[in-house]
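Reading the structure
So you can see what is in the structure, the chains are spelled out below.
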Amino acid sequence: MKNFAYYTAESVPAAARALAGMKNAVAKGGGTDLLALLKDRVLEPDEVVSLKGAKIDAKVAGVIAATTTLAELAADPWIKKHAPAVHVAADEAATPQIRNVATVGGNLCQSTRCWYYRNKNFACSKRGDDACAALTARSQHRYHAVFPHVACASAHASNLAPALIAVAATVHCVHPDGDRALDAGLLYQDPAKGRVQDTILRPGELIERITVPDSPLARRSTYVEFRERESFDFSAVSVAAAVHIDGGKVIDARIVLGAVAPKPLRATAAEQALVGQPLNAATIEKAAAAAFADARPLSDNKYKVVIGRRLVMRALAGLKEMR
Amino acid sequence: MSDLKLGFPGNEKNENFETPDNVAPPWDATTKFSVMGKPHPRLEAEDKVTGRAKYSYDIRFPDLIYAKMLRSPHASARVKSIDISKAKALPGVLYSEARQGLTVRYAGQGVAGIAAETEEILDDALALIEVEYEVLPCAVTVEDAMAPGAPQVLNGPNVGGRPGRGKERVDAVHKDADIVVEAEYRTQVQTHSCFETHGCVCKFDDDGSLTVWASTQSTFFTKTAIARAARVRPENVTVITEHMGGGFGSKFGADDWDRFCVLAARATKRPCRYLLDRRAEHLIAGNRPDSIQKCRFSANKNGTLMGAWVESWGTAGVGRGAGVQNPTIYRFRAAGSEQKDVRTHAGRGRAFRAPRHPQGVFALEGMIDEVAFALGMDPLALRQKNDAHPVRSAQWPVGQKAIGWRKTPRGNGAVKIGYGCAGSRWGHNARPGDAVRCRIGKDGSVLFANGSQDLGTGTRTLIAILGAEELGVPLSFVDVRLGHTTDPYGHASGGSVTAPSIAPVVKQAAWLAKRELLEHIAKKIGGDPKKMELTDGDVLGGKKKITFKQACALLPVDSIDVTGDSRNVFRVPRFSREVAGVQFARVAVDTETGLVKVQKIVSVQDCGQIVNELTVRSQMLGGVIQGLSYALFENRLLDRNTGDMVNADLLNYKIAGARDMPEIETIPFNVAQGGTTAGVSSLGEPATVPTAGAIANAVSHAIDARVRSLPITPDKVLAALGAL
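Within any chain, residue numbers begin from 1 and follow the written order of that chain's sequence. To label them, take the chains in the order written and letter them from A, then take the ligands in the order written and number them from 1. Per-residue local features of the predicted model are confined to residues with pLDDT of at least 70, and side-chain atom pairs are confined, for both listing and counting, to 80 or more; whole-chain, interface and lining totals are unaffected and use all residues. Side-chain calculation: all heavy atoms of the structure are included, whereas hydrogens and water are not.

1. Quick notes on the packing of aromatic side chains
Residue and element names in this part refer to chain B. Ring pairs shown here join Phe, Tyr and Trp side chains whose ring centres sit within 6.5 Å, with only the six-membered ring taken for Trp; geometry is labelled stacked below 30 degrees between planes, edge-to-face above 60, and tilted in between. Tallied over the entire structure, the rule returns 15 aromatic pairs over all chains. On the basis of an interplanar angle of 45 degrees and a centroid distance of 4.8 Å, the ring pair of phenylalanine 220 and tyrosine 489 is categorised as tilted. With phenylalanine 220 in helix 6 (residues 219–230) and tyrosine 489 in the loop between strand 23 (478–482) and helix 13 (498–525), the pair connects residues that are 269 residues apart, well separated along the chain. Taken together, Phe8, Phe575 and Phe669 form an aromatic cluster joined through their ring pairs. A positively charged side chain is recorded as over a ring if its NZ (Lys) or CZ (Arg) lies within 6 Å of the ring centre. The angle to the ring normal must also be within 35 degrees. Taking the ring centre of phenylalanine 61 as reference, the NZ or CZ of lysine 203 above it sits at 5.3 Å. It is arginine 273 that lies over the ring of tyrosine 57; its NZ or CZ is 4.5 Å from the centre. By definition, any uninterrupted DSSP run of H or I lasting at least four residues is a helix, any uninterrupted run of E lasting at least two residues is a strand, and each is numbered from the N terminus.

Structure follows, in structure tokens:
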């Protein structure tokens, strides 16, 4: 890895101010993803600003500091009760060792696992090259996107993001030019050439807190993922789903797909298929079909569509049983 | 003339055997052991779990320098120029090499090398090397390399291999048979993924002698190879391998990177360390070749196997050795194969735990199941009907009972539960040539020494147990020194030769030392040394009973120092021709997602004469774990455009982890085998051979559709179910 200067920030606003004055800096949460990117020289920053020790006021139930570890989040009883999808996603992530170090903010801002992105021997549009090595007939793309963006076939790696989007969490961001709060679903953007970062965060903008609402939707939420290996694997497909049922009918629904596109994907057609309908076998099947109707899988990853549909059905069937 | 009783309960036979005067009497089925056969923790167990054990990877010196090579990102290219000047100008860079004009044949091939004061400087220096390549077309897959107009990988044709013999006979048998079954099976490339990567630490002393701490399966091969590379006389080279973090057949000598390391050490007069990083370990340090196996088997309606013909293609990258051990195990009227060995632009294949066998058995046992289903026969019954091996014939019912064998799959809803089985065969690979030193000190100390290494299988403990048993002392009295080439010669650990080969030699060394001790003691306490014995730490049969320690104290010399060798200890009748094993699997398959969860594996393994029950079980467990990982997960994925490996890490190169483990029931089958005076057999390799075949058969049983390709990933299961 290239040499860099290392700073530790006492608060997120202080870190944001420091980053604003730097030209080639990155922020570090737990560092579990960043370290690998530095070692492979995918990222070669001059400065690394650690948020690990930043003090964040997050004592209120449902408020998650960005520096909370996945293990702490998984152990939060309020979250477990009020946002089961978030609890399960945190609890299933990675390994116990990584959950003890990795942070919520870092999980949301992590880079794709695309092996072409992470190996500088290959062309990658995210890294600024004209081509995407994943988008040829002979590429290896069994874990890549089934909803590829024209320029990029990477799959988004976060399992927490779909869950937070499904429960309609709010992300609070800090920047010297002004703070803002946005729906977790608006955090991510479509990829473009040369844009390593997947989020809409401006240079120097940092996530400080996430708030999970106390809502019927969040309480009736679930997260299911499919991975080939039980011990330490990223999911090949994940589904976070939440419904608000009143009077026997779905009045609000969120279905979010993970690892199928360069960003977590709201399956809005599937959500619309449910709203105004009772949650039953027929509507569940219709929603699952709608969720992947627009999928354009690559030659090695058609299986993700089949499994993805099945996961949507399993997630919704789980919500049907939930009280 | 005395009788030797060989075999196992239910199948024993007597052989006439006369022990020569100068040879330790052989152990047989009637021997009452006091140390052998029980479960003993490894002598170094505590060192290993506490981190005290120093592997070659851990060797450091205050003035140590670090070496590493820059590796080609292209699988096929010509190096037009290398500019190493910026790297050399970096403070702390001490030594370099640039391979101008090199023709690159596989991604990961070393193009330039650097040695530097620290690993950080080394990393920066490598990034400063500028290489201009002329990229050439590459052949990444077997199909690529066989296509018309394919780029030639090396001199000579891409396709080599062994011509098939006897196809006419097999075809004739097929014609006479009631049914013929045809199918194509495929297996993937598996990398060894040794926990401790390949490499060494080299240190020259002021007198020009060289010490090498190597991670190797052969200290003596490494010694010769390093001496040649460094142009040092072999007698001035010592190779040390105190502990080994895995080899699996990939570490038989000095490699390109070891040579660079020793040259850097010599040029700088500093100790130098080069152990590969994980990426290089995957790319260039060996792999199990892949295979495409076109099989044609036939049988008669009464369940008699008739003909078997296998035509195979596979690639060991730029190397050779991509055959499959197939068809075998069962009695066929006529059987044979034609195996094509196809060169591709990829890292060289190497011997990998039972080379050729797991891939061959996967196809063979799949075909046996397919024949059974075509005949409407229970696949286990078909195997038993056509298996003549005395040990395996006894193992099938043992495994059947332990797994709870069922003809019909179970399961309601999406998850189906299926059962499968497979067999294995291996050689009794006892090889003459080892020598072992035994030293008994006046202070009561006992040391056995051999210069070869403990591959991680428990050889150190095995030697101690054999020595203690023959000497007649408790295990705690015995020390073992392994892995220093200053001690007597020992074989490379490959072909599962180590235990069967060294066991009778340890026994012989202990027996010689014991005879010498008793002769000394007889003179001191009175008695006939020929009638005296050492048992459980006591000297019996003399005029008075004394302990072993008291006896040692009476020695008129500082120590007894004898060397046992392999002369005469291998001329003992043998019970059976081959090592036999069977495994059974029970799996649960989610038919909606294609996910396979192995619930249970039963491994029944012929172990010959068991020395240490604990490490025998450990070998059997390891074989099942590695076989399961091969069956479901491991797969070297090369980018099909450039030939570079896309999953050269331990995240996307998936190896089964703790949560993927099934219940594993190990049933060691103790057989008084003979063959040597110790009767110990080969175990490490056969223990992994049937696992993938048994799992694959269980998956196919569960879903009533056959998956003929490894690894059995969810997409393949879904495809077999017609869901893709």
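Next comes the rest of the account.
2. Let's talk about the nonpolar core
Throughout, nonpolar core names a set of buried Ala, Val, Leu, Ile, Met, Phe, Trp, Tyr and Cys residues whose side chains join them through atoms within 4.5 Å. The classification of residues rests on relative accessible area computed with a 1.4 Å probe and restricted to protein chains. Under 20% of the type maximum is buried, over 50% is exposed, and intermediate values are partly exposed. In this structure, B:Phe297, B:Ile695 and B:Val699 are the most contacted members of the largest nonpolar core, which totals 78 residues. The biggest single contributor to this core is helix 9 (residues 357–375) of chain B, with nine residues. In this structure, A:Cys132, A:Ala153, A:Leu257 and A:Phe292 belong to the second largest nonpolar core, which totals 56 residues.

3. A word on the domain arrangement of chain B
Interfaces are often sized by the accessible area lost when the parts come together. All names here are of chain B. Annotation of chain B at the domain level lists domain 1 (1–32 + 389–428 + 574–724), domain 2 (63–152) and domain 3 (429–478 + 489–572). For the domain bounds, the source is a domain assignment made automatically or taken from a database. Centre-to-centre separation of domain 1 and domain 3, based on C-alpha positions: 34 Å. Whether two residues touch is decided by their heavy atoms; if any such pair falls within 4.5 Å, the residues are in contact. Each side of the interface is counted separately: domain 1 has 30 residues, and domain 3 has 25 residues. Each partner contributes to the roughly 2,200 Å² buried at the junction of domain 1 and domain 3, and carbon and sulfur atoms together form 61% of this total. Of all residues in domain 1, Trp27, Val611 and Thr676 bury the most surface against domain 3, accounting for 24% of the area lost on that side. The working definition used for a salt bridge is a side-chain nitrogen of Lys or Arg within 4 Å of a carboxyl oxygen of Asp or Glu. Inspection of the region where domain 1 meets domain 3 yields zero salt bridges. The quantity reported as buried area is the accessible area (1.4 Å probe) lost by two parts once they are put together, taken as the sum for both.

4. With respect to the pattern of salt bridges
Summed over the entire model, instances satisfying the criterion amount to 74 salt bridges over all chains. The partner of B:Arg659 in a salt bridge is A:Glu230, and the shortest N-O contact between them spans 4.0 Å. With one member in each of two chains, B:Arg659 in the loop between helix 15 (613–632) and strand 30 (663–669) and A:Glu230 in the loop between strand 8 (221–226) and strand 9 (237–246) form a pair that bridges those chains. Overall, A:Glu230 belongs to the partly exposed group, its relative accessible area being 30%. In this structure, B:Arg99 engages B:Asp256 in a salt bridge whose closest nitrogen and oxygen atoms are separated by 2.9 Å.

5. Let's talk about the sheet that holds strand 9 (residues 159–162) of chain B
Think of a sheet as strands paired side by side through backbone hydrogen bonds, with each pair either parallel or antiparallel. All names here are of chain B. Here, a strand pair is defined by DSSP locating no fewer than two bridges between the strands. Spatially, five strands are ordered 9-19-18-17-10 in an open sheet, and the strand pairing comes out mixed. One side of each edge strand has no neighbouring strand; the edge strands of this open sheet are strand 9 and strand 10 (179–187). Each strand of the sheet is rotated relative to its neighbour by a mean of 15 degrees, with strand direction disregarded. For helices, the fitted line uses only the C-alpha atoms of the stretch in contact; every axis is such a line through C-alpha atoms, and the angle between N-to-C directions lies from 0 to 180 degrees. Where helix 5 (residues 167–176) meets the sheet, it contacts strand 10, strand 17 (291–299), strand 18 (305–314) and strand 19 (334–342), and its direction lies at approximately 135 degrees from that of strand 18.

6. A closer look at the side chain of B:Asp644
Looking at the secondary structure, you find B:Asp644 in the loop between helix 15 and strand 30. On the accessibility criterion, B:Asp644 (0% relative accessible area) is buried. A polar atom in the side chain of B:Asp644 sits 2.8 Å from the side chain of B:Arg279. If we ignore the near neighbours within four places in the chain, the residues touching B:Asp644 are A:Asn119, A:Asn121, A:Phe122, B:Pro73, B:Ala107, B:Arg279, B:Leu283, B:Leu637, B:Leu638 and B:Asp639. The definition of a polar contact used here is a pair of N or O atoms within 3.5 Å, where within protein one atom must be able to donate a hydrogen and the other to accept one, and adjacent residues in sequence count solely through side-chain atom pairs.

7. Topic: the state of the cysteines
Here, two cysteine sulfur atoms that lie within 2.5 Å of each other are counted as a disulfide. Scanning the model with the defined rule gives zero disulfides over all chains in all. Not engaged in a disulfide, the cysteine A:Cys109 finds its nearest cysteine sulfur in A:Cys173; these two sulfurs lie 8.3 Å apart.

8. Considering the interface of chain B and chain A
The partner chain A presents 31 residues to the 40 residues of chain B that form the contact. Contact with chain A buries area across many residues of chain B, yet B:Arg640, B:Leu651 and B:Arg659 alone supply 21% of it, more than any other trio. Our count for the contact surface shared by chain B and chain A stands at 12 salt bridges. Residue A:Arg314 pairs with B:Glu592 through a salt bridge whose shortest N-O separation is 2.8 Å. Listed by contribution, the elements that provide at least two residues to the side of chain B that touches chain A are helix 3 (119–128) and helix 17 (714–720) of chain B. For this scheme, ten residues count as nonpolar: Ala, Val, Leu, Ile, Met, Phe, Trp, Tyr, Cys and Pro. Four count as charged, namely Asp, Glu, Lys and Arg, and the remainder, Gly too, count as polar. Looking at the side of chain B that touches chain A residue by residue, the class counts come to 19 nonpolar, seven polar and 14 charged.

9. Digging into the packing of helix 15 of chain B against helix 16 (residues 691–703) of chain B
Residue and element names in this part refer to chain B. It is at 8 Å that the axes of helix 15 and helix 16 come closest, and there the two elements cross at 50 degrees. Between helix 15 and helix 16, the interaxial angle falls into the category oblique. Read as a crossing pair, helix 15 and helix 16 show a hand that is right-handed. For the pair formed by helix 15 and helix 16, the contact residues are Gly623, Val624, Gly627, Leu628, Tyr630, Ala631 and Leu632 on the first element and Thr691, Ala692 and Ile695 on the second. Looking at side-chain class alone, the contact of helix 15 with helix 16 contains seven nonpolar, three polar and no charged residues. In these notes the angle categories are as follows: under 35 degrees is roughly parallel, over 145 is roughly antiparallel, 65 to 115 is roughly perpendicular, and the rest is oblique. Take the far helix as your reference; a near helix turned counterclockwise from it by less than a right angle gives a left-handed crossing, and one turned clockwise gives a right-handed crossing.

10. Here's the deal with helix 3 of chain B
Every buried residue of helix 3 of chain B is accounted for by B:Leu122, B:Asp123, B:Ala125 and B:Leu126. Here the buried residues of helix 3 of chain B occupy an arc of 165 degrees about the axis, which is enough to place them on one side. Arc definition: it is the arc formed by the directions from the helix axis to the C-beta atoms.

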